[in-house]
Amino acid sequence: QLQDVLHIVAGLMVCADAREARKLVQHETLADAEDLYLQVFEVGRRFKIMNPEKMRTTYGKLMHALMDAAARDVQQALGLSCLE
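Residues numbered from 1 in each chain as written. Predicted model: local features only at pLDDT ≥ 70, side-chain atom pairs only at ≥ 80, totals over all residues. Heavy atoms only, no water.

## Observations regarding the overall build of the chain
Counting secondary structure elements, the chain contains five helices and zero strands. Secondary structure elements in the chain, listed N-terminal to C-terminal, are α-α-α-α-α. Taking all 84 residues of the chain together, 27% fall into the buried category. The contacts in the chain between residues at least 6 apart in sequence include a share of 48% that link residues at least 24 apart. Total accessible area on the chain stands at roughly 6300 Å², and carbon and sulfur atoms take up 55% of it. (Helix = DSSP H or I, 4+ residues; strand = E, 2+ residues; numbered from the N terminus. Buried < 20%, exposed > 50% of the residue type's maximum accessible area, 1.4 Å probe, protein only. Contact = heavy atoms within 4.5 Å. Areas by Shrake-Rupley, 256 points an atom, 1.4 Å probe, with all protein chains shown as cover.)

## Observations regarding the pattern of salt bridges
Within the structure shown, the criterion is met by two salt bridges. Measuring nitrogen to oxygen at the nearest pair gives 2.6 Å for the salt bridge that ties R45 to E42. Remark: E42 and R45 occur in helix α3 (residues 34–50); sequence separation between them is three residues, near one turn of the helix. With a relative accessible area of 34%, R45 lands in the partly exposed category. Among the residues examined, E42 registers a relative accessible area of 23% and is labelled partly exposed. The structure contains a network of salt bridges with shared partners spanning E42, R45 and R46. (Salt bridge = Lys/Arg side-chain N within 4 Å of Asp/Glu carboxyl O.)

## As for the side chain of K48
You can see K48 is positioned in helix α3. Lacking a salt bridge, the buried K48 has E53 as its closest oppositely charged neighbour, with an N-O distance of 7.4 Å. Once you skip the residues sitting within four places of it in the chain, K48 turns out to touch K54, M55, R56 and Y59. (Lys, Arg positive; Asp, Glu negative; His and termini not counted.)

## Observations concerning helix α1 (residues 2–16)
For α1, built from 15 residues, the straight-helix expectation of 21 Å at 1.5 Å per residue is met to within 8% by its first-to-last C-alpha distance of 21 Å. Listed in full, the buried residues belonging to α1 are L2, L6, V9 and A10. All buried residues of α1 fall inside an arc of 95° around its axis, so they share one side. Exposed and oriented more than 90 degrees from the buried face of α1 are D4, I8, L12 and C15. (Expected span 1.5 Å × (residues − 1). Arc of directions from axis to C-beta.)

## Details of the environment of F47
With respect to the helices, strands and loops of the structure, F47 is situated in helix α3. Setting aside its immediate chain neighbours within four residues, F47 contacts K54 and M55.

## Topic: α3
An ideal rise of 1.5 Å per residue puts 24 Å on 17 residues; α3 measures up with 25 Å between its terminal C-alpha atoms. Buried residues of α3: L36, Y37, L38, F41, G44 and K48, and no others.

Below you can see the structure in the form of structure tokens.
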């Protein structure tokens, strides 16, 4: 499930910026784009802090997925850490 979220983020990046998308597509694994994912999750966290009335259910689901991603076996399976 978390891997699907990471692939969606990569797809959105492809739609948003063609130059950056070329770099992202050249990465062979998810771990190669780890910095991108960390930045995206940080932007989401800051947006939620600034707008507490928005993203009520979606943010909760994302936090549960990221808590699961903190487990070592999940980090090894993904090949990256979604948390700083």
